[in-house]
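Spelled out, the chains give:
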Amino acid sequence: MDALTAGEELSVGDLADPVGLPAGAPLSDALHLLDLGTAAVAVTGQDGRLVGWLGHREALQAVGTTAGRPWERAAPPTREDVANALTDSAA
């Protein structure tokens, strides 16, 4: 953030530090990243290009339900929900 305090113009790339996985990576890898606090995981194709984003919602949809309710009716996921999904998928 030194550039910001120095009055220099920043680009989005200066602030972004995307976390990504290849499309063939196990879901447990993405769940681990989400559990560490990553807001979303960039999903890349074989050529390294972005093919999509996987966030908490998509991860919980993939593992089925949260708190015994279909995801579509559940409250937004908490860190505990993601940690539980990570534990369940690793088992």
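The rules behind the values
- Residues numbered from 1 in each chain as written.
- Predicted model: local features only at pLDDT ≥ 70, side-chain atom pairs only at ≥ 80, totals over all residues.
- Heavy atoms only, no water.
- Helix = DSSP H or I, 4+ residues; strand = E, 2+ residues; numbered from the N terminus.
- Buried < 20%, exposed > 50% of the residue type's maximum accessible area, 1.4 Å probe, protein only.
- Contact = heavy atoms within 4.5 Å.
- Areas by Shrake-Rupley, 256 points an atom, 1.4 Å probe, with all protein chains shown as cover.
- Core = buried A, V, L, I, M, F, W, Y, C linked by side-chain atoms within 4.5 Å.
- Pairing = 2+ DSSP bridges.
- Axes fitted to C-alpha atoms, helices over the stretch in contact; angles between N-to-C directions.
- Parallel < 35°, antiparallel > 145°, perpendicular 65-115°, else oblique.
- Left-handed = near helix turned anticlockwise from the far one by under 90°.
- Nonpolar A, V, L, I, M, F, W, Y, C, P; charged D, E, K, R; others polar.

A. Structural view of the overall build of the protein. Of the regular secondary structure elements, the protein holds five helices and five strands. From first element to last, N terminus to C terminus, the protein shows the α and β order α-α-β-α-β-β-α-β-β-α. Per-residue burial for the protein yields a buried fraction of 22% across its 91 residues. Restricting the contact set of the protein to residue pairs at least 6 apart, pairs at least 24 apart contribute 27%. Summed over all atoms, the accessible surface of the protein reaches about 6,300 Å², with 52% contributed by carbon and sulfur.

B. Focus on the nonpolar core. Counting 12 residues, the largest nonpolar core consists of L21, A30, L31, L33, L34, V41, L54, A59, L60, V82, A85 and L86. Looking at this core, the elements with two or more residues in it are α3 (27-35), α4 (56-63) and α5 (79-90). The element best represented in this core is α3, accounting for four residues. Filtering out sequence-adjacent residues up to four positions away, V41 remains in contact with V19, G20, L21, A30, L33, L34, G52, W53 and L54.

C. Examining the sheet that holds strand β2 (residues 40-44) more closely. Pairing is mixed across the open sheet formed by three strands, whose spatial order is β1-β2-β3. Among the strands making up the open sheet, the edge pair consists of β1 (20-22) and β3 (50-55). Across the sheet, the mean angle separating the axes of adjacent strands is 30° when strand polarity is ignored. Relative to β3, β2 runs antiparallel, the two being bridged by five bridges. By the bridge assignment, A42 is partnered in β3 with W53.

D. Local environment of the packing of α3 against α4. At their nearest, the axes of α3 and α4 sit 11 Å apart, and the two run at 140° to each other. As judged from the angle between their axes, α3 and α4 are oblique. Crossing hand, α3 versus α4: left-handed. For the pair α3 and α4, contact is made by L27, L31 and L34 and by H56, A59, A62 and V63, respectively. Across the contact of α3 with α4, the residue classes tally to six nonpolar, one polar and no charged.

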